[in-house]
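Here is what each chain is made of, one letter per residue.
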Amino acid sequence: MFASRQFVRLFSTSQSWYDRMKVAVIGQSLFGAEVYRLLQKDGHHIVGVFTVPDVNGKPDPLALAAAKDNIPVFKYKRWQMKKVAIPEVLEEYKSVGAELNVLPFCSQFIPMDVINFPKYQSIIYHPSLLPRHRGASAINWTLMQGDKSGGFSVFWADDGLDTGPILLQKKCFVAPDDTVDTIYNRFLFPEGVKAMGEAVQMIHQGRAPRITQPEEGATYDPLLKKANVKVDLNQSAESIHNFIRGCDKVPGAWVEINGEKVTLFGSRLWNRMEPRGTKVELAGASKPAIVHKYGMIIFGNDGKMVNVSQLQFENGKMIQASKFGKEDTSQTKLELTPEEETMIKNIKVVWGGILNIEVDESTDFFKSGAGSMDVVRLVEEVKEKCNGVSLQNEDVYMNAGFEDFASCFIRRFRGIEDKEPFTYDAVQMRVNNMDLSFPHQCFIDNEFVDSSDGRTFETINPSDESVICKVSRGTPEDVDRAVEAAKVAFYEGEWGRMNARDRGTLMFRLADLMDEHREELATLESIDSGAVYTLALKTHVGMSIDTFRYFAGWCDKIQGLTIPINHARPSKNLTYTKREPIGVCAIVVPWNYPLMMLAWKMAACLAAGNTVVLKPAQVTPLTALKFAELVVKAGFPPGVINILPGPGSSIGQAMSEHPDIRKLGFTGSTPIGKTIMESCAKVNLKKVSLELGGKSPLIIFSDCDMDKAVRMGMSSVFFNKGENCIAAGRLFVEESIHDEYVERIIAEIKKMKIGDPLDRSTDHGPQNHRAHMEKLLEYCEQGVKEGAKLVYGGKQVNRKGLFMEPTLFTDVEDHMFIAQEESFGPVMIISKFQNGDIDGVLKSANGTEYGLASGVFTTDINKAMYVADNLDAGTVFVNTYNKTDVASPFGGFKQSGFGKDLGMEALLEYLKTKAVTVEYGQGS
């Protein structure tokens, strides 16, 4: 009983019904309704709500909220005539006996008889930091003037224009791209509602200040109307941007184009390079605007740029600014099914319920009185009543007329997007019994474009040295543009926000498309690089597909660790690591496996969440560009993947020196790798992985399986015409089997069919390009000069095209040039070693500056393991060769480079590790 009385006594000290302040709420809108609800929740006695008459039979949100609670609601068209209070309105107001008037966003003129009547008079919410921006368009002027901070004031009403004493103010940061909607929804609305409640509590508790507004810094800004918000284009880009965003969405700043007022929305300062696009003359502008894929660029008189994303014409039609001057295919009349006709009827009912009017094809949603909350209601009701079809708020703004909205709905229902069709200037060929269509331009930001200077180069078919086509020759300016696109995609775009699993889905889709186009890709690889078509199908293209599928599966499995560290007693610590993408990465790939080298590096790069700029070898750009086409079809966001064909001396160097590239992956020669590493270190110490030259030893012991050793020995050298980074650069054959081994190799070489790589029976195709062919011939001449025995080949085949005879040297000694340097061609080099001299042959095998791959053939497992342990190479093959797999890491030692492709370790090349340590309190 005692406890019960105590509880009642404590409860009774709170605000009770008989000491509640009597409040009249005068205003309108959702903001007014939220303030009303908060005052109700705080226990104040709302004696009346005074708002505006219904519009088209639809009550104001404040009136709806009050009526729901059975609070008296009064709806006045006006309070006064010629600044004199209307007697019957004044008497009705006084009858409720309010002690305080609360005016949240009231747009009516309230007579002073009403303002001063209550015991505590009246407080008003105003969306600016008074005395700055007095007047009805305060939020607009905060943005138009470029204020760095904004906010709101709750002040005591007087007979001036927003001049009364301040009760409280709240301030917020104004973001550079804030609009009226964003700053209102983020701060002015939610914090303003709370502040009105706080202000009433302060008054009730007798602690509300009255701070006289200073005149210093006071501004009286005029009410904005459509007629007076023409954009002055003779000012800075920042001023133009501020003016446009300050008028977005109401009243809407406009410019004159071709004699028509065109309203601008979605303004952003454009800090990127000047885009390519179509020029449009704006009245009063010193420089034409540019319509491009992301909107319309407007230039300030300072040469800087503003981008607007949407335009509205005088007839109310709204379009994406990027579509200005283009045919709008989205408005094509659609033939409806009976089901679709039923849904359109349902939508018309929804419109009618919101607007309270008869809706026909010409009805405009906003001109009929709808506001932003009605947009939300429309989207949700359509989703509920029309098979769950999801629309965006933007769909309503862009299709305000009922006919346009209905067409937009049907397109969404059918899964039709409003994007422009993806087209490019394709090269058309009939080759390999198929019609080929492929790009030949730079690929930047999901578009194929000419290089910045318009220059091209010819890509050559090594089978006959004919010109396949002309390809855009990228420039350092194109590198800047591609890196810019990749940076935006990573930091601002959809890719940077995408779930890891969704990223994997895109990569799987891309792999599927590569599989669908496998024969086209293999044909391009064959005519552009000289690869034998059957090998291109299986390895060049097949392993590329496997690589993308493998790394697609890794996307949602990139995890960190929790690490036990010493606690900071009595508190505890939690330390964990996160694997994060690096950012914009550059990739430079060689000409021997154009597509496969792209896949080996790019798939890991993308799985880690990075964006990429890739340079294919200048002599083999075509499969990379065809791959880029598939990237768009797979749905990759713009800027994620960019591909620039052209010379390494300009593009590769520009990538190495670019400050916004944070990682560079390179496969190529050791001298070029050293140059790249030096450039990367000088500029921004970007992370580097290098897969460089090789001189891979293959040791064949007398106890080997001879048939397999011959077969694999042939493959180790002549696979892909010897243009293979892990090709066995030197075979060491034990003395007791040396002569037999050489004889059997010669016999196998003679069986090889040299010819057209598109012929399914061909074993040996042309070398990749003329310069490489000449180097191979010089290499063989050097071998002969130094005393090595040329047993077979060593010259170009007497036929059209870049065909090199499979070549065999024996009696090669450690000091010779051909024993130390790789040929990167179909040149087998055999050295003899003494029977049983394992350590001696290991010394010779390791006696180069390279350490990419190696191999050993023996049936003695102990010998095999000993040799494997002591070979100084990143890969060791035992009783096999060229057996690479997407799951196994690949990379070299010494001057063969560092870093790994393939396998889990490849991901680490494109990730950075962050350690986080959290300290928390002692548990109770």
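Worth saying up front: this structure is predicted, and the values here are computed from it rather than measured. (Residues numbered from 1 in each chain as written. Predicted model: local features only at pLDDT ≥ 70, side-chain atom pairs only at ≥ 80, totals over all residues. Heavy atoms only, no water.)

**Student:** I'd like a description of a nonpolar patch on the surface, backed by residues and values.
**Tutor:** There is a patch of nonpolar side chains on the surface, built from Leu561, Ile563 and Ile565 and spanning about 250 Å² of accessible area. Within the element layout of this structure, Ile565 appears in the loop between strand E23 (562–563) and strand E24 (572–581). (Patch = residues over 30% accessible without salt bridge, like charges linked within 9 Å, V, L, I, M, F, W, Y side chains within 5 Å. Areas by Shrake-Rupley, 256 points an atom, 1.4 Å probe, with all protein chains shown as cover. Salt bridge = Lys/Arg side-chain N within 4 Å of Asp/Glu carboxyl O. Helix = DSSP H or I, 4+ residues; strand = E, 2+ residues; numbered from the N terminus.)

**Student:** Kindly report on the sheet that holds strand E7 (residues 122–126), identifying the contributing residues and their values.
**Tutor:** Overall, mixed pairing links the seven strands, which are arranged E3-E2-E1-E6-E7-E8-E9 in an open sheet. Looking at which strands have only one partner, the edges of the open sheet turn out to be strand E3 (73–75) and strand E9 (166–173). The average undirected angle you get between the axes of adjacent strands in this sheet is 15°. Where strand E1 (residues 22–26) and strand E6 (residues 100–103) come together, three bridges link them in parallel fashion. Along E6, the bridge assignment pairs Ala24 with Asn101. (Pairing = 2+ DSSP bridges. Axes fitted to C-alpha atoms, helices over the stretch in contact; angles between N-to-C directions.)

**Student:** Help me get a handle on the side chain of Asp221, residues and values and all.
**Tutor:** Within the secondary structure, Asp221 sits in the loop between helix H7 (180–204) and helix H8 (237–246). For the buried Asp221, which has no salt bridge, the nearest side chain bearing the opposite charge is Arg132, at an N-O separation of 6.6 Å. There is a polar contact of 2.6 Å between the side chain of Asp221 and the side chain of His133. A distance of 3.5 Å separates polar atoms of two side chains, one belonging to Asp221 and the other to Thr219. Discounting chain neighbours no more than four positions away, the residues touching Asp221 are His133, Arg134, Gly135 and Trp141. (Buried < 20%, exposed > 50% of the residue type's maximum accessible area, 1.4 Å probe, protein only. Lys, Arg positive; Asp, Glu negative; His and termini not counted. Polar contact = N/O pair within 3.5 Å; in protein donor to acceptor, adjacent residues only side chain to side chain. Contact = heavy atoms within 4.5 Å.)

**Student:** Explain unusual backbone geometry to me, using residue names and the numbers behind them.
**Tutor:** Looking along the chain, the bond that leaves Val250 and enters Pro251 is cis, with omega of 0°. By secondary structure assignment, the location of Pro251 is in the loop between H8 and strand E10 (254–257). Following Arg569, the chain continues into Pro570 via a peptide bond in cis, with omega recorded as 10°. Relative to the helices and strands, Pro570 resides in the loop between E23 and E24. Notably, Phe105 is not glycine yet its phi reads approximately 55°, a positive angle. Its location among the elements puts Phe105 in the loop between E6 and helix H5 (112–115). Among the residues examined, Phe105 registers a relative accessible area of 23% and is labelled partly exposed.

**Student:** I'd like a description of the packing of helix H15 (residues 500–516) against helix H19 (residues 622–634), backed by residues and values.
**Tutor:** Interhelical geometry of H15 versus H19 gives an angle of 130° and a closest axis separation of 9 Å. Between H15 and H19, the interaxial angle falls into the category oblique. Crossing of H15 over H19 shows right-handed handedness. On H19, the residues touching Leu506, Arg509, Leu510, Leu513 and Met514 of H15 are Phe627, Leu630, Val631, Lys633 and Ala634. When its residues are assigned to classes, the contact of H15 with H19 shows eight nonpolar, no polar and two charged. (Parallel < 35°, antiparallel > 145°, perpendicular 65-115°, else oblique. Left-handed = near helix turned anticlockwise from the far one by under 90°. Nonpolar A, V, L, I, M, F, W, Y, C, P; charged D, E, K, R; others polar.)

**Student:** Tell me about the pairing of strand E18 (residues 434–438), and please be specific about residues and values.
**Tutor:** What you see with E18 is a clean split: Met434, Leu436 and Phe438 sit on the buried side and Asp435 and Ser437 on the side with no burial. Where strand E17 (residues 427–431) and E18 come together, five bridges link them in antiparallel fashion. Each bridged residue has a counterpart across the sheet, and for Arg430 the counterpart in E18 is Asp435.

**Student:** How would you summarise the sheet that holds strand E34 (residues 827–833) if you had to cite specific residues and measurements?
**Tutor:** Here we have seven strands laid out as an open sheet, ordered E32-E33-E34-E31-E30-E36-E37, and mixed in their pairing. Looking at strand neighbours, the two that pair on one side only are strand E32 (789–792) and strand E37 (875–878), the edges of this open sheet. On average, adjacent strands in this sheet sit at an angle of 20° to one another, irrespective of strand direction. The sheet contact formed by strand E33 (residues 807–810) and E34 spans three bridges and is parallel. Bridging from a neighbouring strand, Phe809 pairs with Ile829 of E34.

**Student:** Outline the pattern of salt bridges, supporting the account with residue identities and numerical values.
**Tutor:** Across all of its chains, the model carries 45 salt bridges by this definition. Arg272 is the salt-bridge partner of Asp445, the closest N and O atoms lying 3.7 Å from each other. Remark: Arg272 occurs in the loop between strand E11 (260–270) and strand E12 (278–280) and Asp445 occurs in the loop between strand E19 (442–444) and strand E20 (447–449); sequence separation between them is 173 residues. Each member of the pair, Asp445 as well as Arg272, carries the same accessibility label: buried. Close ionic contact of Asp435 with Arg430 constitutes a salt bridge, the shortest N to O distance being 3.2 Å. Taken together, the salt bridges that share partners define one network made up of Asp512, Asp515, Arg518 and Arg549.

**Student:** Explain the nonpolar core residue by residue, including any values.
**Tutor:** Among soluble globular proteins, nonpolar side chains are generally buried collectively. Membership of the largest hydrophobic core comes to 108 residues, with the highest contact counts inside it found for Phe548, Phe627 and Phe636. For this core, the element with the highest residue contribution is helix H18 (residues 594–607), accounting for 12 residues. Sequence-distant contacts of Phe636, that is, excluding residues within four places in its chain, are made with Asn446, Trp495, Leu506, Met507, Leu510, Leu606, Val631 and Ile641. In this structure, Val23, Val102, Tyr125 and Met202 belong to the second largest nonpolar core, which totals 40 residues. (Core = buried A, V, L, I, M, F, W, Y, C linked by side-chain atoms within 4.5 Å.)

**Student:** Lay out the side chain of Ser831 in plain terms, naming residues and giving numbers.
**Tutor:** With respect to the secondary-structure elements, Ser831 resides in strand E34. The class of Ser831 is buried, set by a relative accessible area of 2%. A polar atom in the side chain of Ser831 sits 2.8 Å from the side chain of Arg730. Setting aside residues no more than four positions away along its own chain, Ser831 makes contact with Arg730, Leu731, Phe732, Val733 and Val812.

**Student:** Can you explain H7? Please cite residues and give values.
**Tutor:** At Leu188, H7 shows its maximal kink, close to 35°; a proline, Pro190, follows between one and four residues later. Positive phi appears at Gly206, one or two residues downstream of H7, with a value of about 70°. (Bend = angle between axes of the 7 residues up to and from the residue.)

**Student:** Break down H15 for me, citing the residues and quoting the values.
**Tutor:** Because the α-helix completes a turn every 3.6 residues, residues three or four places apart line up on one side. When the terminal C-alpha atoms of H15 are compared, their 25 Å separation across 17 residues agrees well with the 24 Å that a helix rising 1.5 Å per residue should span. Buried residues along H15 sit against helix H14 (494–497), helix H16 (518–529), helix H17 (533–552), H18 and H19. (Expected span 1.5 Å × (residues − 1).)

**Student:** Just give me the short version of the packing of aromatic side chains, but keep the residues and values in it.
**Tutor:** Summed over the entire model, instances satisfying the criterion amount to 36 aromatic pairs. Taken together, a centroid distance of 5.2 Å and an interplanar angle of 0° make the contact between Phe366 and Tyr397 stacked. One end of the pair, Phe366, is in the loop between helix H9 (338–355) and helix H10 (372–385); the other, Tyr397, is in helix H11 (residues 393–398), with 31 residues separating them in the sequence. Ring geometry for Phe548 against Phe627: centres 5.6 Å apart, planes inclined by 40°, an arrangement best described as tilted. Of this pair, Phe548 sits in helix H17 while Phe627 sits in helix H19, placing them 79 residues apart in sequence. This pair shows no difference in class: Phe548 is buried, exactly as Phe627 is. Here the aromatic cluster, defined as three or more aromatic residues joined through ring pairs, consists of Phe31, Phe105, Tyr125, Phe152, Tyr184, Phe187 and Phe189. (Phe/Tyr/Trp six-rings, centres within 6.5 Å; stacked < 30°, edge-to-face > 60°.)

Worth remembering: the numbers are spatial, not functional.
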